[in-house]
Amino acid sequence: PALLAPFARMLGLKVVMTNHGPDYDRQKWGKAARLMLRSGERLGSKFSNKIIVISKVIADIVADKYGRTDTALIFNGVEPPVENPATDYVRSLGVEPRKYIVALGRFVEEKGFHDLISAYRQLGNDYPYKLVIAGDADHPSRYSENLKKQAKEAGVILTGFITGEKMRQTMANAALMVMPSYHEGLPIALLEAMSFNLDVLTSDIPACMLPELTDDDHFPTGNVNALADAIKRKTTLSSTPRKYNLEAYNWDHIAGQTVSVYESVLKKRHT
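Predicted model only: the values in this text are computed from it and were never measured.

Rules used in this analysis
- Residues numbered from 1 in each chain as written.
- Predicted model: local features only at pLDDT ≥ 70, side-chain atom pairs only at ≥ 80, totals over all residues.
- Heavy atoms only, no water.
- Pairing = 2+ DSSP bridges.
- Helix = DSSP H or I, 4+ residues; strand = E, 2+ residues; numbered from the N terminus.
- Right-handed = clockwise from strand over helix to strand, strands pointing away.
- 1 Å grid on protein atoms, 1.4 Å probe; cavity = no way out; pocket = protein on both sides within 12 Å on 5 of 7 lines; lining within 4 Å.
- Points joined across faces, edges and corners; volume = space filled by probe spheres on them.
- Nonpolar A, V, L, I, M, F, W, Y, C, P; charged D, E, K, R; others polar.
- Salt bridge = Lys/Arg side-chain N within 4 Å of Asp/Glu carboxyl O.
- Axes fitted to C-alpha atoms, helices over the stretch in contact; angles between N-to-C directions.
- Parallel < 35°, antiparallel > 145°, perpendicular 65-115°, else oblique.
- Contact = heavy atoms within 4.5 Å.

## Topic: the pairing of strand β8 (residues 200–203)
Relative to β8, strand β7 (residues 176–179) runs parallel, the two sharing 3 bridges. When the bridges of β8 are listed, Met-179 appears paired with Thr-202. Handedness of the crossover is the feature at issue here: the chain leaves β7, passes through helix α8 (residues 188–195), returns alongside β8, and the resulting connection is right-handed. Here β8 runs beside strand β9 (residues 218–219); their pairing, made up of 2 bridges, is parallel. Directly across from Ser-203, in β9, lies its bridge partner Phe-219.

This is the structure:
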């Protein structure tokens with residue numbers, strides 16, 4: 001959408017762009033799509049009156065590439081979970097509450113689920129926790145089909161895409177949430193896990209290095225051995241439930257910040 005920023009400015013409109021991250025780094029895009037995404041970022045950064053970024057990492061990228069040091073940092077938000085002790089859905093999957101690890105997302109290479117499955121296999125058949133992966137591919141691909149095959153061979157439980165009560169139960173009753181991603185903006189799935197007071201383990205990509213987490217919550221991206229060791233360590237410690245300070249991700253707070261950005265732009269003369 002930011003490709004249209006210069007045309008909006010030509011019409012005398014003021015423009016606020018939100019940058020959710022360098023989407024052109026995702027493996028799924030071809031050359032033409034990457035060119036369009038890079039062009040949108042460049043034109044939006046040049047012609048927008050104000051840029052909202054959802055993480056410090058993105059703010060640094062925009063500053064380094066385009067010299068825009070005037071960005072407004074406004075995080076993604078997360079809804080507080082509805083308290084629900086129900087367990088019928090998770091039990092129907094063949095798992096017991098607090099006896100499984102959960103991961104969720106689309107079945108694309110950048111999510112790193114192949115690393116997670118490999119790490120889970122390393123833990124061996126005697127490992128007392130099951131692995132549940134919630135998600136699927138938007139469109140079947142060689143990668144997604146191969147991932148499902150690997151999951152089946154490793155005894156991983158695949159739920160497919162789930163929402164609502166099924167998702168709430170899956171998150172609320174897990175022992176640990178794992179995010180082995182190679183690329184993220186500000187991951188909503190991670191914030192949701194934290195809102196459910198789950199212990200979390202993520203790759204050490206910048207987008208997952210939230211100030212609310214500690215060094216023990218991360219492992220070297222792509223290192224399957226380190227991931228397996230960290231999962232075993234985390235589940236042995238049994239740190240769920242765990243409390244996080246999520247004030248920065250409150251939607252009312254975020255809405256107020258966003259309104260302030262719009263008001264500041266509207267009060268200024270065109271630049």
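## Section: the layout of surface pockets
Regions of empty space are outlined by a rolling probe, equal in size to a water molecule, passed over the atoms. Volume-wise, the largest pocket comes out at about 440 Å³. Lining the largest pocket are 21 residues, and of these Gly-105, Lys-111, Glu-184, Ile-188 and Ala-189 sit closest to its centre. Considering each element in turn, the lining of the largest pocket owes the most residues, 3 residues, to α8. Of the residues in the lining of the largest pocket, the class split is 11 nonpolar, 5 polar and 5 charged. Forming the walls of the second largest pocket are 15 residues, and the residues nearest its centre are Pro-1, Ala-2, Leu-37, Gly-40 and Glu-41. The element contributing the most residues to the lining of the second largest pocket is helix α2 (residues 31–47), with 4 residues. Among the residues forming the lining of the second largest pocket, the class breakdown is 8 nonpolar, 5 polar and 2 charged.

## Structural notes on the pattern of salt bridges
When the charged atoms of two side chains with opposite charge come close together, those side chains can pair. Applying the stated criterion to the full structure yields 13 salt bridges. Of the charged contacts, one joins Arg-91 and Glu-96 as a salt bridge, the two residues approaching to 2.5 Å between their closest N and O atoms. Taking the shortest distance from any N to any O, the salt bridge between Lys-148 and Asp-136 comes out at 2.9 Å. Remark: Asp-136 occurs in the loop between β5 (130–134) and α6 (142–154) and Lys-148 occurs in helix α6; sequence separation between them is 12 residues.

## Things to note about the packing of α2 against helix α3 (residues 56–66)
Running from N to C, α2 and α3 point in directions that differ by 80°, and their axes come no closer than 11 Å. By the angle class used here, α2 and α3 are roughly perpendicular. Residues Arg-38, Glu-41, Arg-42 and Ser-45 of α2 form the contact with α3, whose own contacting residues are Val-62, Lys-65 and Tyr-66. The residue inventory of the contact of α2 with α3, partitioned by class, reads 2 nonpolar, 1 polar and 4 charged.

## So, the sheet that holds strand β3 (residues 72–73)
The strands making up a sheet associate through backbone hydrogen bonding, with each pair oriented either parallel or antiparallel. Reading across the sheet, the 3 strands line up as β1-β2-β3 and stay open at both edges, with parallel pairing between neighbours. Of all strands in the sheet, those with a lone pairing partner are β1 (16–19) and β3, marking the two edges. Lying over the sheet, α2 contacts β1 and β2 (50–53), oriented at roughly 140° with respect to β1. The strands that helix α10 (residues 251–267) touches are β1, β2 and β3; relative to β2, the one it contacts most, it runs at about 170°.

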